[in-house]
Structures are given as C-alpha cells and as structure tokens.
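Here's the letter readout for the chains.
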Amino acid sequence: MKFTKMHGIGNDYVYVDCTKKDLAHTSEIAKYVSDRHFGIGSDGMILIKSSEKADFQMDMYNADGSRGEMCGNGIRCVAKYVYDHHLTDKTEISIDTLAGIKYLKLTVENGKVVKVRVNMGQPILAPDRIPVIAEKEPVVAEPIKVCGKEWKMTCVSMGNPHAVIFIDTPVKEFPLEEIGPHFENHARFPKRTNTEFVRVLDRQTLEMRVWERGSGETLACGTGTCATVVAGVLNGLCDRKAVVHLLGGDLEIEWNEDDNCVYMTGSATEVFEGEITLPEEMTE
Ligand SMILES: N[C@H](CCC[C@H](N)C(=O)O)C(=O)O
C-alpha cells in the first residue's frame, strides 16, 4: 500500500490516496501502520477520498483503529496533499468529514501549501451531543472525580468529544500518562473523550498538552485546541482570539462572535512517501 507520511505540528498520520481506489479492512490497517515498532509509526491513518458533496472527503482513524469524527491537524494535511499532488489547483476547498463539510483557505509559497486556515464549524455544547453525562448546558467547570481527585472540566465537541481541564502548573510537569487514560475511558463519556490540560499564560496565550481518544498523548490536537479556546472563553479566562502553544508547535484560534464558528490556522508538512506490504488478511 502506497502512503504519504505527513504531520500537523507533530500530530502525524499515514495518508492514503483513495481517490481512485477504496481501501478495505481500514480499522485493522490503521492499527497496523500506526505501530511505532512493527508498522510505519503514526498517531493514526487518514484516507483521502473523492466526494459528491464537497471537493474531497477525509476518513480519519486513530492509532487503536477507532474512527474519529474530525481531525484538525489532519484536515490541514489533506488540503496540502490534494494541492501539492495536483488533485486540485484551488486555494479555497471544501472537505467532507463525519463532522460535516469543512471549508479551508490554503496559503501557497513556491507552488506548495505552507499554511491552512480551517473553518472548524460551531462548537457543540449540549451534553447529549458531546456526549458527556452532565446536568447543565453548557458543561463549564463541572466537577468530575478521576484518580481519587476532583477536577473541574469544561466539555466541548468540535464533532468529536473534548474535556478541557485548566491547571496552574506548567503543562510539561503534568502526569499526563497517569491521568489521561482515566479521563479517556471514564463512564461519563459514552464515546470516550479527548482530554486537554491547559495553562493560561495571558488572555491571548495558552499552553496545552492532550491525551487523545484512541491515540494517547500526541504532540498536538487541532480539534482539542479549538475546544480549549472555546472553554477558555466560557470560563472567562481568555479572549476569543488566542495562540495556543502545543508540544509540536503553535495554532492560532479564533472563535468568531458573528458566525459562532471556530477558525484554526496552522502549518502542514509532508515528510516522506513510501510503500508498505500489508499482512495478507488485510488485503483480501
Ligand atoms: N483522537 C481524536 C481524533 C483526532 C483529533 C486530533 N488529532 C486533531 O487534530 O483534531 C478523536 O478520536 O476524536
């Protein structure tokens, strides 16, 4: 199977061009190629497909083979792939996802995409649509018991579920490996959850680390960064326009007051192309 390895500020995926030929056994293949010792090594796999409803379609799988509804860093790379590999010459494109059609603006330098601005759509705050088990809407600074401690979580969906936790210590010092899995699999999240641990540096600057549903810690999470700024505004901790520092780099986020949409701007990088021989049972 031919693939292209790309990342959005360190959130790396194996991209497969399925515009001409579909792929079967996708969940098993995603798990196989994501393994950083026995496979290619990635946070998951993303299929690029043709679409009737939009210019292209993105199918996203986490490293455990589970399907994600949306992937912010991934969709920027899909945009880069289709432009750089001449599947389109448009610099404003639409990509259909399980979270609806997203609209993207590409910045091109020397014939290659260097930056992408994505309209990530409106945040979803109703508990039953996130989904999270909670009484009030929106779910802001809601107590939750995890690992014997009470945390205050703010829950936002960007098509996929996020629990945002504000902390006062440097995020690099946070015991993410120990705490993250207990949020991911907590009973109050019927579809599991992505969890962001965030420190506010000032009203326009935050730092964040993330434990992703289905992939564990990643160097960045685009949907999670959008959820983080929405949660910051709901808690009165930041402005609607902010830069978020992640381990893999920065994203610029704006939760626009007029259209209620969240805009995310960031880079997309192609690292290498390759070919992998899949186990026979994944090719039948
Ligand atoms: N793990 C996420 C999908 C990937 C999201 C993240 N990598 C991003 O850039 O938005 C989920 O299961 O909802």
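Residues numbered from 1 in each chain as written. Predicted model: local features only at pLDDT ≥ 70, side-chain atom pairs only at ≥ 80, totals over all residues. Heavy atoms only, no water.

An unreviewed UniProt entry annotates the protein as Diaminopimelate epimerase of Hominiventricola filiformis. As recorded by UniProt, the Sequence similarities (unreviewed entry) comment attached to the protein reads in full: "Belongs to the diaminopimelate epimerase family." As recorded by UniProt, the Function (unreviewed entry) comment attached to the protein reads in full: "Catalyzes the stereoinversion of LL-2,6-diaminopimelate (L,L-DAP) to meso-diaminopimelate (meso-DAP), a precursor of L-lysine and an essential component of the bacterial peptidoglycan." (UniProt positions renumbered as here; feature names shortened; annotations may be inferred.)

### Side note on the UniProt feature "active site" (unreviewed entry) in the protein
Per the UniProt entry, the sites bearing "active site" (unreviewed entry) are Cys71 and Cys221 in this numbering. What stands out for the annotated residues spanning 151 residues is how close their C-alpha atoms remain, the widest pair being 7.7 Å apart. Lining residues of the largest cavity drawn from the annotated set just named are Cys71 and Cys221. Structurally, cysteine 71 is set in the loop between β5 (67–68) and α2 (72–84). Look past the residues within four positions of cysteine 71 in its chain and what remains in contact with it is Asn11, Tyr13, Ile46, Met58, Met60 and Thr223. Here cysteine 221 shows up in the loop between β14 (216–218) and α4 (222–234). Excluding residues within four positions of it along the chain, cysteine 221 makes contact with Asn11, Asn73, His162, Glu196, Met208, Val210, Glu212 and Leu246. (1 Å grid on protein atoms, 1.4 Å probe; cavity = no way out; pocket = protein on both sides within 12 Å on 5 of 7 lines; lining within 4 Å. Helix = DSSP H or I, 4+ residues; strand = E, 2+ residues; numbered from the N terminus. Contact = heavy atoms within 4.5 Å.)

### What to know about the layout of surface pockets
Gaps left between atoms are located by rolling a probe of water-molecule size over the structure's atoms. Size it by volume and the largest pocket reaches roughly 360 Å³. As for the largest pocket, its lining consists of 21 residues, of which Met1, Lys2, Val16, Lys21 and Leu23 are closest to the centre. Listed by contribution, the elements that provide at least two residues to the lining of the largest pocket are β1 (2–8), β2 (11–17) and β18 (269–275). In terms of residue class, the lining of the largest pocket is made up of eleven nonpolar, four polar and six charged. (Points joined across faces, edges and corners; volume = space filled by probe spheres on them. Nonpolar A, V, L, I, M, F, W, Y, C, P; charged D, E, K, R; others polar.)

### Observations regarding the site of the ligand
Neighbouring the ligand are 15 residues, the closest being Tyr13, Glu212, Arg213, Gly222 and Thr223. The backbone of asparagine 73 places a nitrogen or oxygen atom 3.1 Å from an oxygen atom of the ligand. Within the complex, the protein chains bury 100% of what would otherwise be the 360 Å² of accessible surface of the ligand. Mapping the ligand onto the cavity grids shows that it belongs to the largest cavity. (Near = heavy atom within 4 Å. Polar contact = N/O pair within 3.5 Å; in protein donor to acceptor, adjacent residues only side chain to side chain. Areas by Shrake-Rupley, 256 points an atom, 1.4 Å probe, with all protein chains shown as cover. Sits in = over half its atoms within 2 Å of the grid points.)

### Brief notes about the pairing of strand β10 (residues 149–157)
As paired strands, strand β9 (residues 142–146) and β10 are joined by five bridges and run antiparallel to one another. Bridging from a neighbouring strand, glutamate 142 pairs with methionine 153 of β10. Two successive antiparallel strands, β9 and β10, enclose a turn made up of two residues, where cysteine 147 displays a positive phi of approximately 55°. Taking the residues that link successive antiparallel strands as the turn, the β10-strand β11 (residues 161–166) hairpin has three residues, and the phi of glycine 159 there is positive, at about 105°. (Pairing = 2+ DSSP bridges.)

### Notes on unusual backbone geometry
Backbone torsion omega between isoleucine 130 and proline 131 reads -10°, so that peptide bond is classified as cis. Note that the residue after glutamate 137, namely proline 138, is joined by a cis bond; omega there is -5°. Its location among the elements puts proline 138 in the loop between β8 (112–119) and β9. Positive phi is not limited to glycine here, since histidine 25 has a value of about 55°. By the secondary structure assignment, histidine 25 is in the loop between β2 and α1 (26–34).

### Some remarks on the confidence of the model for the protein
Looking at the protein as a whole, the pLDDT averages 98, with 100% of positions reaching at least 70. Among the prediction metrics, the complex's ipTM stands at 0.96, with pTM recorded as 0.98. (pLDDT = per-residue confidence, 0-100.)

### Details of empty space enclosed by the protein
Scanning all chains against the criterion turns up one cavity of 30 Å³ or more. Quantified by volume, the largest cavity comes out at close to 110 Å³. In terms of lining residues, the largest cavity is bounded by 17 residues, among which Asn62, Met70, Asn160, Glu212 and Thr223 are the most central. If you list the elements that add at least two residues to the lining of the largest cavity, you get β2, β4 (56–62), α2 and α4. Grouping the amino acids of the lining of the largest cavity by side-chain chemistry returns five nonpolar, nine polar and three charged. Residue-level mapping places the lining of the largest cavity at the junction of two domains, with at least three residues from each of domain 1 (2–118 + 268–282) and domain 2 (127–260). (Domains from an automatic or database assignment.)

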